[in-house]
Amino acid sequence: ILSRTIFNTKTPLQLSRMWYSSSVPTTKLFIDGKFVDSQTTEWIDIHNPATNEVVSRVPKATQEEMQAAADSCSRAFHPWAETSILSRQQVFLRYQQLIKDNIKELARLITLEQGKTLADAEGDVFRGLQVVEHACSITSLMLGETLPSITKDMDTYTFRLPIGVCAGIAPFNFPAMIPLWMFPIGMVCGNTYLMKPSERVPGCTMLLAKLLQDAGAPDGTLNIIHGQHAAVNFICDNPAIKAISFVGSNQAGEYIYNRGSSNGKRVQSNMGAKNHGVVMPDANKENTLNQLVGAAFGAAGQRCMALSTAILVGEARDWLPELVERSKALRVNAGSSDRVTDKPTDASCFFELGRSLLFSVDPFPGFSFLIVFYCYEILTSVLLRDFNAILFDSVSQNNVIISFMMKMDGLNVSRGSLCNSSTEKTPKRVRLAPRFRPAGDQPGADVGPLISPEAKVRVNSLIQSGVDEGATLLLDGRAVNVKGYENGNFVGPTIISNVKPEMTCYKEEIFGPVLVVLEAADLDEAIALINNNQYGNGTAIFTNNGATARKYTHEVDVGQIGVNVPIPVPLPMFSFTGSRGSFRGDTNFYGKQGIQFYTQIKTVTSQWKAEDAGVSSPAVTMPTIR
Ligand code: NAD
């Protein structure tokens, strides 16, 4: 009776006291240290790419809200810039630990909104975490320079100082790593930061903001707005913002670079790519084929450093059949293979929970325990299916119920509230974090879904263009069927051979699990091909010959090169050095260049003479220092 009441009519339960609200969770803004509901009337649906169910909605922030966020950054700037560098370092030392502690929850949010496999999502967080760890070396990274005694009693030295309010505009494909390239480096230098995550994957950035707040970042040092073009234009035009970090497509990147620069801002713009993997016949075959397959199809090819193009040199062209076999063996499936969190987080602070239940066990805790115990099946299989969260009122003695609830499949108990309930005598409300729709129990996944149905249509049409223009479709992933996820945006590994440089599938960035294969007679021909391509993000060569590798690294005009390394994304002590059509600006992301981007130099020339050695007469000629 109970289950039918809930399941069919969705009316509030009268078990003891329950409350019921709107249906889809909504993402909040983060302004001046508070997670606030947007007053906008315009919302964007966020879909789980494996099912295309709406999992939440993100607001297009109003002009007033965006202005409030920028004002908050401006107010926070001077106090934060004047905070000792050691204190800022401490915030980020705590932050890196909190990211480690919450890596699974961050990964879960990524898989839910972006679709990549959980293991890959953890890698996404991990690569961002490394940037935060590097930011903790700020006390060395921000050192200036000194040249003593440039003339008698005169020294010159430089300071590196923050530049003011900075902003970041992020893409969908790395919901953790790319925002973490941005605000931690900007903020540790003493800037305040206005972040606009991709409107398709905002959840992970919101949790990252919460963790930074928990790490001690003062209110206003990080603000988050959501939206699309209006938010981007606001950032490009707002006079308080001094620098913009952008990562995304060429269309948006060129636009933001031009608009931001013409408003006098620094802009660094990391954009699209077509990364070539050159396979020499002397390479280790086993290693090379595995690396190629992983780098072409991992993350469903939605990495800016994916090896989306192979150039088989000489006899390496005979390896094609084996390349196809290995690619076929990859499992295409929903990214999430489990649904239980071991580290609960109070995500409810940045999500409006949507349809929720408030379940009060007062004043009969024992009675309520029995109800929970005997209604376990109903609660998990029926009732919870229709609600995003349960708000659970409890008294201090009721920990047994709380721990029981924690074990319930797919639910989290907020850490803060749980601590209170176990230590305090007064009744406490235990808030369960939003229950995201599970992806089901999967045997495992190598290739997840594409971000949207539109992306799938686009990728499929680029595959078809290859066929229409005379290439050979060796492996066709378009008809892939993922059981239980028939509505997902899946495309299986696809290989197109006999591709020529003038074909559309070669010229355009496909951004899907599609490997296009070209052939070259020798290394020179391969290098010429790559240098004629408009992009310069990444490339890799597979060879066992040192001289070949050296020639390649010197002659290929690409910013990031792997030698027997398929995805050579540099660690954060170096910089991400994409070039040519993949980058606009003159200072790259993270590493030394990241610090340069987010700081300005002040050069001081000072003279302290002995008292009796004053200047005897005015000098009107240009001072020369000898
Ligand atoms: P995207 O350009 O569509 O979106 C990126 C950001 O720009 C988003 O925040 C979005 O709101 C905004 N935006 C989108 N279109 C805009 C427009 N016309 N005008 C102004 N703003 C706009 O990119 P995406 O689809 O989210 O990400 C995929 C792209 O990002 C691929 O091209 C990929 O190669 C590139 N990428 C590059 C790097 C790199 O470091 N070079 C890293 C990751 C992704």
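Residues numbered from 1 in each chain as written. Predicted model: local features only at pLDDT ≥ 70, side-chain atom pairs only at ≥ 80, totals over all residues. Heavy atoms only, no water.

S.K.: Looking at this structure, I do not really get the sheet that holds strand 21 (residues 494-497). What am I missing?
M.R.: Adjacent strands of a sheet pair through backbone hydrogen bonds, lying either parallel or antiparallel. Taking strand neighbours across the sheet as the criterion, the 7 strands line up as 20-21-22-14-13-24-25 in an open arrangement whose pairing is mixed. The sheet is open, and its two edges are formed by strand 20 (472-475) and strand 25 (560-563), each paired on a single side. The sheet shows a mean angle of 20° between the axes of neighbouring strands, direction not considered. Examined bridge by bridge, strand 21 and strand 22 (residues 514-520) share 3 bridges and lie parallel to one another. The residue bridging Ile495 from the neighbouring strand is Leu515, located in strand 22. (Pairing = 2+ DSSP bridges. Helix = DSSP H or I, 4+ residues; strand = E, 2+ residues; numbered from the N terminus. Axes fitted to C-alpha atoms, helices over the stretch in contact; angles between N-to-C directions.)

S.K.: Explain the UniProt feature "domain: Aldehyde dehydrogenase" (unreviewed entry) in the protein chain to me, please; I cannot follow it from the model alone.
M.R.: The sites that carry the UniProt feature "domain: Aldehyde dehydrogenase" (unreviewed entry) are, in the present numbering, residues 35-336 and 441-604. Split by type, residues 35-336 is 46% helix and 21% strand. Its first and last C-alpha atoms lie 27 Å apart. (UniProt positions renumbered as here; feature names shortened; annotations may be inferred.)

S.K.: It is not clear to me how the site of the ligand should be interpreted in this structure. Could you clarify?
M.R.: Surveying the vicinity of the ligand reveals 27 residues, the closest of which are Ala170, Glu199, Ser249, Met271 and Glu509. Side-chain polar atom of Glu199 to an oxygen atom of the ligand: 2.7 Å apart, as the coordinates give it. Arg200 is positioned with one of its side-chain polar atoms (N or O) 2.9 Å from an oxygen atom of the ligand. In isolation the ligand exposes 840 Å². Once the protein is present, 90% of that is buried. Looking at the shell around the ligand, the elements with two or more residues in it are helix 7 (177-188), helix 9 (229-237), strand 11 (241-247) and helix 10 (250-262). Of the residues belonging to the shell around the ligand, the class tally is 15 nonpolar, 8 polar and 4 charged. (Near = heavy atom within 4 Å. Polar contact = N/O pair within 3.5 Å; in protein donor to acceptor, adjacent residues only side chain to side chain. Areas by Shrake-Rupley, 256 points an atom, 1.4 Å probe, with all protein chains shown as cover. Nonpolar A, V, L, I, M, F, W, Y, C, P; charged D, E, K, R; others polar.)

S.K.: Can you walk me through the packing of helix 7 against helix 8 (residues 202-214) in this structure?
M.R.: The packing of two helices is summarised by the inter-axis angle and the distance between the axes. The geometry of helix 7 relative to helix 8 is characterised by a closest axis approach of 11 Å and an angle of 25° between their N-to-C directions. By the angle between their axes, helix 7 is roughly parallel relative to helix 8. For the pair helix 7 and helix 8, the crossing hand works out as right-handed. Residue-level inspection shows Pro179, Leu180, Phe183 and Met187 of helix 7 in contact with helix 8, the latter providing Thr205, Leu208 and Leu212. (Parallel < 35°, antiparallel > 145°, perpendicular 65-115°, else oblique. Left-handed = near helix turned anticlockwise from the far one by under 90°. Contact = heavy atoms within 4.5 Å.)

S.K.: Honestly, the packing of aromatic side chains in this entry has me stumped. Any pointers?
M.R.: A complete count under the given rule lists 11 aromatic pairs for this structure. Centroid distance Phe172 to Phe511: 6.0 Å. Interplanar angle 90°. Geometry classified as edge-to-face. Linking Phe172 in the loop between strand 8 (165-169) and helix 7 with Phe511 in the loop between helix 18 (504-507) and strand 22, this pair joins segments that are 339 residues apart in sequence. On the basis of relative accessibility, which here comes to 8%, the residue Phe172 falls in the buried class. A centroid spacing of 4.8 Å and a plane angle of 45° characterise the contact between Trp181 and Phe576, whose relative ring orientation is tilted. Of this pair, Trp181 sits in helix 7 while Phe576 sits in the loop between strand 25 and strand 26 (579-580), and the two are 395 residues apart along the sequence. When its relative accessible area of 2% is taken as the criterion, Phe576 is described as buried. (Phe/Tyr/Trp six-rings, centres within 6.5 Å; stacked < 30°, edge-to-face > 60°. Buried < 20%, exposed > 50% of the residue type's maximum accessible area, 1.4 Å probe, protein only.)

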